[in-house]
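Observations on chain architecture
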Amino acid sequence: MLAQDIMDTRFRTLQPRDTIAAAVRAFHEVSREQGKKIFGLMVTDAADHLVGMLSIYDILLFMQPKHVHIWGEMEDMDFEKLFNDLLKRVKDVPVEDIMTTDVVTISPTTHLMIISDIMIKKHIRRLPVIAAEQVLGIVYVSDVFHHLLHRFQ
Amino acid sequence: MPTHRKPGVLTGLSVSQAMRRQVVRQPAETTIGEGIRKLVKFKSNALLVTGSNDRPRGVVTKTDLMGAYYATLPLSAALGDIMAGPPLSCFRDDGLETCLDAMQSNGIHQLYVLGAEIHAVIGVVDYGDVLGLLYRYCRSCSKGRHASRLTEHASPENRLHVKDVMTPSVEACPRGTPLTGIMEILSAKGFGAVLIEDDANLPQGVISKSDLMHAYRRNTDTTAPADSIMGRPVLSCGAGALLADAIQQMLVLDIQRLFVHDPDLDHIVGVLSLSNAARFRSGTCRACRSSRLITP
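Quick notes on the rules
Residues numbered from 1 in each chain as written. Chains lettered and ligands numbered in written order. Predicted model: local features only at pLDDT ≥ 70, side-chain atom pairs only at ≥ 80, totals over all residues. Helix = DSSP H or I, 4+ residues; strand = E, 2+ residues; numbered from the N terminus. Buried ≥ 20, exposed ≤ 12 C-beta atoms within 10 Å, placed from the backbone. Contact = placed C-beta atoms within 7 Å. pLDDT = per-residue confidence, 0-100. Core = buried A, V, L, I, M, F, W, Y, C linked by C-beta atoms within 7 Å. Pairing = 2+ DSSP bridges. Domains from an automatic or database assignment. Nonpolar A, V, L, I, M, F, W, Y, C, P; charged D, E, K, R; others polar. Right-handed = clockwise from strand over helix to strand, strands pointing away. Axes fitted to C-alpha atoms, helices over the stretch in contact; angles between N-to-C directions. Parallel < 35°, antiparallel > 145°, perpendicular 65-115°, else oblique. Left-handed = near helix turned anticlockwise from the far one by under 90°.

Attention now goes to the overall build of chain B. A tally of helices and strands in chain B yields 13 helices and 12 strands. With 296 residues in all, chain B has 42% of them scored as buried. Residue pairs in contact within chain B that sit at least 24 positions apart in sequence constitute 63% of those at least 6 positions apart.

What follows is the structure in structure tokens.
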């Protein structure tokens, strides 16, 4: 069983200059379209080459204030206002500033067991499938697991 | 020769209490463009540059990046070409006062924390981290502003104000000043930011080393006018504002400095930076400076 057999070819990508606000909207729309929670999207350039991956973790990490550990001790602060101010500050930051650029990819002929091994050892939940520098699809950890389930049955 | 050091609020506190474990590190061959991206992503002020076997070789700060931008080095140049080394370091059990001395005497803003294993960097401590720790102590102190709001324990005149700690001079430039001119001023004066004024000498914006770093990454021409990249609005506080409130504002907003205005909001009279406040080595009221007592 190879990557090309289980990859999802319905994927949407972000552009490097998209803003964080646009990326969050894209996460919401893609999740709705695909009927499952999507936690990571590929980022491609004008030539459709993969240049990075943006996960919700990247966004949450960037939104976290540097001294957030002190916030917990500030019971008298207006957190709602602070949070709204924070959202305003980060919403226009481009995706290229916070995406992960050292993306692990696989080829269409990578075997399921290799895919599983990469995901476990590198703590990766999604792997882009690349051939001739073009993105063909993406394999999610849930797809790998559900495929294994079918094989067991 | 034995030396005597007056006890301060930070006496007895160690690096381990203030340091953060996340160290942004990159191999020496990483491009400057990617290095800037990492600094932005992790909101860090410096990159630890590593060599073979992940050994620390040097540091790239925003000042180094500003120098590279001024020299119009391509973004594809390697971090190893502009780093300063070796990185200055301390141990987790070192006293915070000693570390502040080292930062101040070497003119740097962070020290890397070494672990038990040779060359193992386990954390980093900077002025903001020290100030964050100090702020937490002040908030839990019975003489602090937070407690006094509830108990009226300490009198207002005991409070330290921004004017007691700020740097009472600000460098300002017209909005048409080319970025090269801004960089020359920052470099010559050792400031972290320049105020940008309009023709009527009213503050319009700020250019910090972070703004220049962003401009560098976006390939902005170094002859572009200051107002093309300046940050707005000018975040400021009154000279008579309480130091505790100003520190809180800087920590909450993740900013390095606040400009200080007099009663006329448009008249900037100084600047309060994280390093100003950390170097002050006191809490936010005179109780710490007079009695040297603090109740965590």
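There's plenty left to go through after this.
For chain A, the helix and strand inventory stands at 8 helices and 5 strands. Element order for chain A, N to C, with α for helix and β for strand: α-β-α-β-β-α-α-α-α-α-β-β-α. Each principal axis of the C-alpha atoms in chain A carries an extent, and together these give about 55 × 40 × 30 Å. Here chain A holds 153 residues, and the buried ones make up 20% of them.

Attention now goes to the confidence of the model for chain B. The predicted coordinates of low-pLDDT regions are not to be read in fine detail. All names here are of chain B. For chain B, per-residue confidence averages 86 on the pLDDT scale, and 86% of positions sit at 70 or higher. When mean pLDDT is taken per element in chain B, helix α3 (residues 62-70) scores highest with 97 and helix α13 (residues 286-291) scores lowest with 55. Between residues 290-296, whose pLDDT stays under 50, and residues either more than four places distant or in other chains, the model counts 11 contacts. Quick note on the complex model: pTM equals 0.85, ipTM equals 0.83.

Turning next to the nonpolar core. Ranked by size, the top nonpolar core spans 75 residues in total, and within it V130 and L131 of chain B carry the most contacts. Among the elements that line this core, the one with the most residues is helix α6 (residues 127-140) of chain B, at 7 residues. Each residue touching L131 of chain B, except ones within four places of it in the same chain, is listed here: I247, L251, L274, A277 and A278 of chain B. Within the second largest apolar cluster, 23 residues are counted, among which are A3, I20, A23 and I98 of chain A.

Turning our attention to the pairing of strand β3 (residues 50-55) of chain A. One ladder, built from 5 bridges, connects strand β2 (residues 40-44) of chain A with β3 of chain A; its direction is antiparallel. Paired with G40 of chain A across the bridge in β3 of chain A is S55 of chain A.

Residue and element names in this part refer to chain B. Each assigned domain of chain B is listed here: domain 1 (15-126) and domain 2 (133-280). Measuring from the centre of the C-alpha atoms in domain 1 to the corresponding centre in domain 2 gives 24 Å. Across the contact, 17 residues belong to domain 1 and 15 residues belong to domain 2. At 6 residues, the largest contribution of residues to the side of domain 1 that touches domain 2 is made by α3. Partitioned by chemical class, the residues of the side of domain 1 that touches domain 2 number 9 nonpolar, 6 polar and 2 charged.

Residue and element names in this part refer to chain A. With 2 bridges connecting them, strand β1 (residues 13-14) and β2 associate as parallel partners. Bridge pairing in β2 places T13 opposite M42. Between the parallel elements β1 and β2, the chain passes through helix α2 (residues 20-34) in a crossover that is right-handed. Hairpin geometry of β2 and β3 is characterised by an intervening segment of 5 residues between the two adjacent antiparallel strands and by a positive phi of about 65° at D48.

Next up on the list: the packing of α3 of chain B against helix α9 (residues 179-189) of chain B. Residue and element names in this part refer to chain B. Relative orientation of the contacting elements α3 and α9 amounts to 140°, with a least axis distance of 10 Å. Considering their axes alone, α3 and α9 lie oblique with respect to each other. At the point where α3 passes α9, the crossing takes the left-handed sense. Only T180, M183 and L186 of α9 make contact with α3, whose side of the interface consists of M66, Y69 and Y70. By residue class, the composition of the contact of α3 with α9 is 5 nonpolar, 1 polar and no charged.

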